[in-house]
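Listed below, chain by chain, are the residues.
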Amino acid sequence: MFSLSKFSERQSYSLVVRAEDGGGRISATTINIQVLDISSPPKFRQEEYVKTISENSKVGTSVIDVAAVYDDSTALLKYSFIQGNSDDRFCIDYLGVISVAQPLDREKVPSYELFVMVSLDNKNDTTVVKVTLRDANDHAPSFEKSIVEIEIPEN
């Protein structure tokens, strides 16, 4: 048994695991363990991001990349919305890319203020993403009546 107490003591471990059955067959594999230095949290590049997109952006359309900066590029950072996405109109992937998750309607909600958190273990950072919807001509013109009658004097 070993203890992973400090990053500075040892940065990696290599374990050999060996299994033997009663018939004399042996199998072995090596497991490499990298110890991550999480003394500093991941950081967003900006405290606030601002983006304008069309209200008719299709589901799956990328809105903005808010990927955080962290010393270890292989670390798996976790991104999440902590406020502002109550109707789940947006989603964020493991790389920090925010995309449209459901159809948008500027007439109902003209803008969103998304509070995003990135975390690695108990270290985290937050940012705000302000998304404004640009109006699209998504309503076809229509007449109130199908037949209109008017009288015009001859003079």
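Below you will find a few notes about this structure. Model, not experiment: these values are computed from the prediction.

**Quick notes on the side chain of Thr127**
(1) Moving on: Mapped onto the elements, Thr127 comes out in strand S9 (residues 123-134).
(2) Moving on: Within the structure, Thr127 has its side chain in polar contact with the backbone oxygen of Glu47 (distance 3.0 Å).
(3) Moving on: In contact with Thr127, not counting residues within four places along its chain, are Phe44, Gln46, Glu47, Glu48, Tyr49, Leu114, Phe115 and Val116.

**Remarks on the packing of aromatic side chains**
(1) Moving on: Under the criterion given, the structure shown has two aromatic pairs.
(2) Moving on: Seen from their ring centres, Phe44 and Tyr79 are 6.3 Å apart, and the 55 degrees between their planes marks the pair as tilted. Here Phe44 is found in the loop between strand S2 (26-34) and strand S3 (48-54), whereas its partner Tyr79 is found in strand S5 (residues 78-83), with 35 residues between them in sequence.
(3) Moving on: Its relative accessible area of 8% is what places Phe44 among the buried residues.
(4) Moving on: When the centroid spacing of 5.0 Å and the interplanar angle of 80 degrees are considered together, the rings of Phe90 and Tyr112 count as edge-to-face. Separated by 22 residues along the polypeptide, Phe90 in strand S6 (residues 90-92) and Tyr112 in strand S8 (residues 111-120) bring together distant segments of the chain.
(5) Moving on: For Phe90, a relative accessible area of 3% puts it in the buried group.
(6) Moving on: Accessibility expressed as a relative area gives 8% for Tyr112, which makes it buried.

**Some remarks on the sheet that holds S6**
(1) Moving on: Pairing in this open sheet of three strands is antiparallel, and the strands run S4-S7-S6 from one edge to the other. Edge strands, defined here as strands with exactly one partner in the open sheet, are strand S4 (62-65) and S6. Direction aside, the axes of adjacent strands within the sheet are offset by 20 degrees on average.
(2) Moving on: Relative to strand S7 (residues 97-100), S6 runs antiparallel, the two being bridged by three bridges. Opposite Cys91, over in S7, you have Ser99 as the bridge partner.

**Details of the sheet that holds S3**
(1) Moving on: Strand order in the open sheet made by the four strands is S3-S9-S8-S5, with mixed pairing throughout. Edge positions in the open sheet fall to S3 and S5, since each of these has one partner strand only. Across the sheet, the axes of successive neighbouring strands diverge by a mean angle of 30 degrees, strand direction being ignored.
(2) Moving on: In the sheet, S5 pairs with S8 via five bridges, with the strands oriented antiparallel. Residue pairing for S8: Tyr79 is matched across the bridge by Val118.

**As for the nonpolar core**
(1) Moving on: In this structure, Phe90, Ile98, Val129 and Val131 are the most contacted members of the largest nonpolar core, which totals 25 residues.
(2) Moving on: Mapped onto this core, the elements with two or more residues apiece are S3, S4, S6, S7, S8 and S9.
(3) Moving on: When residues in this core are grouped by element, the largest group, five residues, is from S8.
(4) Moving on: Among residues more than four places away in sequence, those in contact with Val129 are Tyr49, Ile64, Val66, Ile98, Tyr112, Glu113, Leu114 and Val116.

**Observations regarding the pairing of S7**
(1) Moving on: Covered by surrounding structure in S7 are Val97 and Ser99 together with Ile98 and Val100, the residues of both alternating faces.
(2) Moving on: Where S4 and S7 come together, three bridges link them in antiparallel fashion. Each bridged residue has a counterpart across the sheet, and for Ile64 the counterpart in S7 is Ile98.
(3) Moving on: From the end of S6 to the start of S7, which pair antiparallel, there are four residues, and Gly96 there has a positive phi angle of about 90 degrees.

Thresholds applied
- Residues numbered from 1 in each chain as written.
- Predicted model: local features only at pLDDT ≥ 70, side-chain atom pairs only at ≥ 80, totals over all residues.
- Heavy atoms only, no water.
- Helix = DSSP H or I, 4+ residues; strand = E, 2+ residues; numbered from the N terminus.
- Polar contact = N/O pair within 3.5 Å; in protein donor to acceptor, adjacent residues only side chain to side chain.
- Contact = heavy atoms within 4.5 Å.
- Phe/Tyr/Trp six-rings, centres within 6.5 Å; stacked < 30°, edge-to-face > 60°.
- Buried < 20%, exposed > 50% of the residue type's maximum accessible area, 1.4 Å probe, protein only.
- Pairing = 2+ DSSP bridges.
- Axes fitted to C-alpha atoms, helices over the stretch in contact; angles between N-to-C directions.
- Core = buried A, V, L, I, M, F, W, Y, C linked by side-chain atoms within 4.5 Å.

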